[in-house]
Amino acid sequence: MEVALEAGADDVELVDGYTRSRATPSCSRPVRKSLEEQRIPTETAETSYIPSNYVDLDVDSGRKMRKLRDLLDENDDVQNVYANDNIPEEALAS
């Protein structure tokens, strides 16, 4: 998808029959505008936080993190919870 790359997208890939482009927040509008100008249909266009690194947790820390997330999710004042951790399957099963 040369149009997206020329407009400033960092990456373009084919996923499940769809083309997905990734761009920094400052380049997302120019990429969208360029796609519109070329009459390339867009199913969704959203800004997402994608962490650049992840933290591997052990089973005990994973359980604690899962409990903390559950508590935050249940709080009415919390709208979104983001994390960049890898919780082991053993911690998710219990």
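Please refer to the structure higher up on the page.
As a starting point, this report considers the structure included with it. As the structure is a computational prediction, the values presented were derived from the model and not from experiment.

It is worth spelling out the overall build of the chain at this point. Counting its secondary structure elements, the chain contains 4 helices and 4 strands. Its helices and strands taken in sequence order, the chain reads α-β-β-α-β-α-β-α from the N to the C terminus. In terms of overall size, the chain is more extended than a compact globule, its C-alpha atoms giving a radius of gyration of 18 Å where 94 residues would be expected to give roughly 12 Å. With the C-alpha coordinates of the chain rotated into their principal frame, the extents come out at 50 × 30 × 25 Å. In the chain, buried positions account for 15% of the 94 residues. Taking the intrachain contacts of the chain between residues at least 6 apart in sequence as the baseline, contacts between residues at least 24 apart amount to 47%.

Let us now look at the pairing of strand S1 (residues 11-15). Examined bridge by bridge, S1 and strand S2 (residues 18-22) share 5 bridges and lie antiparallel to one another. Following the sheet pairing, Glu-13 is matched in S2 by Arg-20. Counting the residues between successive antiparallel strands, the hairpin from S1 to S2 contains 2 residues, one of them, Asp-16, with a positive phi of roughly 50°.

Within the secondary structure layout, Val-59 lies in helix H3 (residues 59-74). Discounting chain neighbours no more than four positions away, the residues touching Val-59 are Pro-88, Glu-90 and Ala-91.

The next subject is the pattern of salt bridges. As enumerated under the stated definition, the model contains 4 salt bridges in all. The salt bridge partner of Glu-13 is Arg-20, with a shortest N-O separation of 3.8 Å. Using a relative accessible area of 28% as the deciding quantity, one classes Glu-13 as partly exposed. A residue is classified by how much of its surface remains accessible, and Arg-20, at 39% relative accessible area, is partly exposed. Put simply, Asp-60 and Lys-64 hold a salt bridge, and the shortest N to O gap is 3.4 Å.

Below, the discussion takes up helix H2 (residues 25-37). Among the residues of H2, those classed as buried are Ser-28, Val-31, Ser-34 and Leu-35. Along H2, the residues classed as buried sweep out an arc of 135° about the axis, all on the same side. Exposed side of H2, more than 90 degrees from the buried face: Ser-26, Arg-29, Lys-33, Glu-36 and Glu-37 are the residues found there. Count one or two residues on from H2 and you reach Arg-39, which has phi positive near 55°.

Here the focus is unusual backbone geometry. The backbone of Asp-16 shows a phi angle near 50°, a positive value even though the residue is not glycine. The topology assignment puts Asp-16 in the loop between S1 and S2. Its relative accessible area of 73% is what places Asp-16 among the exposed residues. Of note in this structure, Arg-39 is not a glycine but carries a positive phi near 55°.

Reading the values: the criteria
- Residues numbered from 1 in each chain as written.
- Predicted model: local features only at pLDDT ≥ 70, side-chain atom pairs only at ≥ 80, totals over all residues.
- Heavy atoms only, no water.
- Helix = DSSP H or I, 4+ residues; strand = E, 2+ residues; numbered from the N terminus.
- Rg over C-alpha atoms; globule rule 2.2 N^0.38 Å.
- Buried < 20%, exposed > 50% of the residue type's maximum accessible area, 1.4 Å probe, protein only.
- Contact = heavy atoms within 4.5 Å.
- Pairing = 2+ DSSP bridges.
- Salt bridge = Lys/Arg side-chain N within 4 Å of Asp/Glu carboxyl O.
- Arc of directions from axis to C-beta.

Just geometry here; none of it tells us what the structure is for.
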